[in-house]
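Here is how the chains run, residue by residue.
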Amino acid sequence: MKKQKVFRRGAGILLPVASLPSPHGIGTFGKDAYQWLDFLKDAGQQYWQVLPMGPTSYGDSPYQSFSAFAGNPYFIDPELLAGEGLLTQSELSECSFGESPDRIDYAALYEGRFLLLKKAFDRSRHRDTEAYAQFCCRNSQWLDAYAEFMAFKMKFGGKSWLEWPDALRRREPETMRAVRSELAEETAFWKFCQFKFDEQWRALREYAHKLGIGIIGDIPIYAAMDSADTWSEPEVFYLDPDGFPIDVAGCPPDAFSATGQLWGNPLYRWEYQEKTGFDWWKRRLAHTSELYDIVRIDHFRGLAGYYAIPAGDKTAEHGEWRRGPGIKFFEAVQESLGGTKWILEDLGYLTPDVIRLRKAIGAPGMKVLQFAFDSREESDYLPHNYEKNCIVYTGTHDNDTMTGWMKTAAKADVVFSKKYLNIRRNQGASWEYIRAAYASVASLAVVPIQDFLCLGSEARINTPSTLGGNWEWRLRADALSPELAEKIRSFTALYGRL
């Protein structure tokens, strides 16, 4: 296959869409998102990196979505809908989306957001437009199944499709026809949400491009068990005849968790995928290429070899490694991405086959500074060991902030990091870690906005293998100042990343 070219030297900032400031309880594609892009431009940044933008399921993780194709309806901006005459300002002011400007209240969002969206849907005349017809045609391979899945899910009180009546679980034609007729308007509502998501995101991305800013997207390697994907195309996944998973995905014990990470996602039937020319993945990546300029493949090593855990196990300790599709996968799907480039999330213990596969593709892997300072041994994550073709992060969504890490990591590791970077005082020290990332030979340096702001553990996005309190952090609008933009721009210029 044709190797990917090395990225031009540059920099970007990581901030989930959900964490954007907004008066509506969660980040949206509205005014604050445009102001965020203006800030990135002023700060001399080339990229905005987001987390997966799919509709989140129970647990609120963007890595567990009701669809591998659909967008999160929460990101649809109510003010933009009001500007179209689909909502009134009084309706917006009467709706509660949570009390805190710092945290996302998902329960309040669930209660209030869909009521607003349904009012907008009832007043909309989108079904008569050419734009809507083209949207439905362009996305027909997943849109109908997703909209039906959500309509049926609402009918059954939000239950997993594995708990639906047998005839619907198996998609028996006669039953499907009857329920489709009954829920035609509910299905149309979910299509409307995807139409508005697509419309608003495309406008925002176009604005980013006018500013010279590219979007780095992130797609989970696995689909969720309770998703439109597993329900509508069960043959793609490693399920038994009744639709239940045989083995599930996760990671063995590592630095994040002593018992490993039990994700619970169904695995793929790679033999079937290969027989169909990886058609499902081609469709997924073609859709992804319309959303982003660069795609980070989460858990890339699962395409070389993946960890399979018996379904029903309570931890990930008793899984086994199996061979993945390898280079055949990338050769088959390469054209689906068009001009979109890869970033390969190759963190953790890497076996020789994973390293060979990454080199064959030519796409950059990741380096995380927080993993560099293990005082017990030399680390590939130390900046003096980098190669040019890599992306360096101070931390990711699964890490503490740098300020938080300095307080919670092993004392010997923190002491080593301070000696390595010549850090004399803790106040503002996260900027010294940023300096190390920027000064390195890595082609791209991506830093979470929390580290530029020197925020502590209260601003952590996610703690792996824990429930509750994750995916809730929000950025305050007043945190982004012209002075901060100028300081970031100065750093970016100093290290040749402007």
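Going by the structure above, here's the rest.
Residues numbered from 1 in each chain as written. Predicted model: local features only at pLDDT ≥ 70, side-chain atom pairs only at ≥ 80, totals over all residues. Heavy atoms only, no water.

**Student:** Even after reading the chapter, I still don't get the overall build of the chain, so can you show me in this structure?
**Tutor:** Summing up its helical and strand segments, the chain has 19 helices and twelve strands in all. Rg of the C-alpha trace for the chain: 23 Å, near the compact-globule value of 23 Å for 498 residues, within the 12% margin. If you line up the chain on its principal axes, its C-alpha atoms span 70 × 55 × 40 Å. Carbon and sulfur atoms make up 51% of the accessible area of the chain, which amounts to about 21,000 Å² in all. Of the side-chain charges in the chain, 59 are positive and 66 negative, and the distance between the mean point of each set is 6 Å. (Helix = DSSP H or I, 4+ residues; strand = E, 2+ residues; numbered from the N terminus. Rg over C-alpha atoms; globule rule 2.2 N^0.38 Å. Areas by Shrake-Rupley, 256 points an atom, 1.4 Å probe, with all protein chains shown as cover. Lys, Arg positive; Asp, Glu negative; His and termini not counted. Charge placed at Lys NZ, Arg CZ, Asp CG, Glu CD.)

**Student:** Looking at this structure, I do not really get the sheet that holds strand β5 (residues 261–266). What am I missing?
**Tutor:** By definition, the strands of a sheet pair up through backbone hydrogen bonds, in either a parallel or an antiparallel sense. Within the open sheet, the four strands sit side by side as β5-β4-β7-β8. Their pairing is antiparallel. The open sheet is flanked by β5 and β8 (320–323), the only strands paired with a single partner. The mean angle between the axes of side-by-side strands here comes to 45°, regardless of whether they run parallel or antiparallel. Bridge analysis of strand β7 (residues 305–310) against β8 gives four bridges, and the strand direction is antiparallel. Note that in β8 the partner of Tyr307 across the bridge is Trp321. (Pairing = 2+ DSSP bridges. Axes fitted to C-alpha atoms, helices over the stretch in contact; angles between N-to-C directions.)

**Student:** Would you explain the packing of aromatic side chains in this entry?
**Tutor:** Aromatic ring pairs are reported here in terms of the distance separating the ring centres and the angle at which the planes meet. Scanning all chains against the criterion turns up 55 aromatic pairs. Aromatic side chains Tyr58 and Phe66 sit 6.2 Å apart centroid to centroid with 85° between the ring planes, which places their arrangement in the edge-to-face category. A centroid spacing of 6.3 Å and a plane angle of 55° characterise the contact between Tyr222 and Trp263, whose relative ring orientation is tilted. Of this pair, Tyr222 sits in the loop between β3 (214–219) and α10 (228–232) while Trp263 sits in strand β5, and the two are 41 residues apart along the sequence. Given a relative accessible area of 26%, Trp263 falls into the partly exposed group. (Phe/Tyr/Trp six-rings, centres within 6.5 Å; stacked < 30°, edge-to-face > 60°. Buried < 20%, exposed > 50% of the residue type's maximum accessible area, 1.4 Å probe, protein only.)

**Student:** So what exactly am I meant to see when it comes to helix α12 (residues 279–289) here?
**Tutor:** Note that an α-helix has 3.6 residues per turn; residues three or four places apart therefore point the same way. Within α12, eight of the eleven residues are buried, leaving the element largely enclosed by the surrounding structure. Every buried residue of α12 is listed here: Trp280, Trp281, Arg283, Arg284, Leu285, His287, Thr288 and Ser289.

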